[in-house]
Amino acid sequence: MPLVYERAFGGTARDEEGGETFEARNPVGRGFYVSRKQAREQLLPNIEDPQALVTSWSDRPPPAGFGPVSRGWQPRLGYAGTYDAAWVENRAPLWPKDLDPRFFQAATPGLNTGSYLQGGERVLLEGMHHDGPLAFALPQYRLLVRSIFSDRQEQRVMRLDALLLEPDAGTFTMMWRAAIPLNGNPFDHPYTQVRLMESWEELPK
């Protein structure tokens, strides 16, 4: 069975007035109903958190999943900040000042490490592959990003920001991130270079 949000708690339903309402944490799921009558003989979620099982049509457990959470779903959407007339007039296209950095956290609750990965961590996947458990260690890389501007150069050590595991394909993807301010004209930036740091190199101050 595919471990997708379509099989977790969520979905859309028609209210008594005929309008459509939906589960903001997972609009594509199943098991979300607004009345006992509507729920009768309908689908329930296949994927559940063992600590929050569905026991009644009116239950609203957190959707259980393994993939990234869409930026238009809660709770991510609640961290996106305010996009009002003042933002359009004074701030666009930049992020609003009240943006919460948690908006960029796409991992489903329970799969967030709480701190940046460093490389070298042990990974164990059970129940995710027909050949049995998969175990390996993440490789350890140090990446340096250098941005060239007409009047300066800036460099940062990139942080290992996310890990995408694809056991069916036998692959994983490591994603690093760094931020360097433009400080002016975005076209005054010929190029950015990313490279592996040598073992003897010290981190930039």
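Structure: above.
What this report covers is the structure whose coordinates are included nearby.

Criteria and cut-off values
- Residues numbered from 1 in each chain as written.
- Predicted model: local features only at pLDDT ≥ 70, side-chain atom pairs only at ≥ 80, totals over all residues.
- Heavy atoms only, no water.
- Helix = DSSP H or I, 4+ residues; strand = E, 2+ residues; numbered from the N terminus.
- Rg over C-alpha atoms; globule rule 2.2 N^0.38 Å.
- Buried < 20%, exposed > 50% of the residue type's maximum accessible area, 1.4 Å probe, protein only.
- Contact = heavy atoms within 4.5 Å.
- Lys, Arg positive; Asp, Glu negative; His and termini not counted.
- Charge placed at Lys NZ, Arg CZ, Asp CG, Glu CD.
- Pairing = 2+ DSSP bridges.
- Axes fitted to C-alpha atoms, helices over the stretch in contact; angles between N-to-C directions.
- Polar contact = N/O pair within 3.5 Å; in protein donor to acceptor, adjacent residues only side chain to side chain.
- Phe/Tyr/Trp six-rings, centres within 6.5 Å; stacked < 30°, edge-to-face > 60°.
- Lys NZ or Arg CZ within 6 Å of the ring centre and 35° of its normal.

A closer look at the overall build of the protein
Point 1. A count of helices and strands for the protein gives two helices and eleven strands.
Point 2. Expected size for 205 residues packed as a compact globule is a radius of gyration near 17 Å; at 22 Å, the protein overshoots this value by more than 25%.
Point 3. Counting only C-alpha atoms, the protein reaches 70 × 55 × 25 Å along its principal axes.
Point 4. Per-residue burial over the protein gives 23% buried out of 205 residues.
Point 5. Across the protein, every contact between residues at least 6 apart in sequence was considered, and the portion connecting residues at least 24 apart equals 46%.
Point 6. Treating the 22 positive side-chain charges of the protein as one cloud and the 26 negative ones as another, the clouds have centres 2 Å apart.

A look at the sheet that holds strand S11 (residues 191-196)
Within a sheet, adjacent strands bond to each other through the backbone by hydrogen bonds, running parallel or antiparallel.
Point 1. If you trace the three strands from one edge of the open sheet to the other, you get S8-S7-S11, paired in antiparallel fashion. Taken across any chain shown, the strands that pair with only one partner, and hence form the sheet edges, are strand S8 (153-157) and S11. When strand polarity is set aside, the average angle formed by the axes of neighbouring strands in this sheet is 20°.
Point 2. Sheet topology places strand S7 (residues 143-148) next to S11; six bridges connect them, and they run antiparallel. Pairing of Leu144 across the sheet is with Arg195, part of S11.

Let's talk about the side chain of Arg152
Point 1. The residue Arg152 is located in the loop between S7 and S8 in this model.
Point 2. At 2.7 Å, the side chain of Arg152 forms a polar contact with the side chain of Glu154.
Point 3. A polar contact of 2.8 Å, which involves the side chain of Arg152, links it to the backbone oxygen of Pro181.
Point 4. In contact with Arg152, not counting residues within four places along its chain, are Ser147, Pro181, Leu182 and Asn183.

Quick notes on the pairing of strand S10 (residues 171-177)
Point 1. Two elements, strand S9 (residues 159-166) and S10, share seven bridges in a ladder whose sense is antiparallel. Each bridged residue has a counterpart across the sheet, and for Leu164 the counterpart in S10 is Thr173.
Point 2. Two successive antiparallel strands, S9 and S10, enclose a turn made up of four residues, where Gly170 displays a positive phi of approximately 70°.

Remarks on the environment of Leu203
Point 1. Within the fold, Leu203 resides in the segment after S11.
Point 2. Ignoring sequence-local partners within four residues, the contact set of Leu203 consists of Arg142, Val157 and Met197.

Considering the packing of aromatic side chains
Point 1. Within this structure, the stated rule accounts for eight aromatic pairs.
Point 2. With a centroid separation of 4.9 Å and 75° between ring planes, the pair formed by Tyr83 and Trp87 is classed as edge-to-face.
Point 3. Judged by relative accessible area, which is 40%, Tyr83 ranks as partly exposed.
Point 4. Classification of Trp87 by relative accessible area gives buried; the value is 19%.
Point 5. Cation over ring: Arg76 sits above Phe103, and NZ or CZ is 5.2 Å from the ring centre.
Point 6. Of note, Arg152 hangs over the ring of Phe149, and the distance from its end group to the ring centre comes to 3.8 Å.

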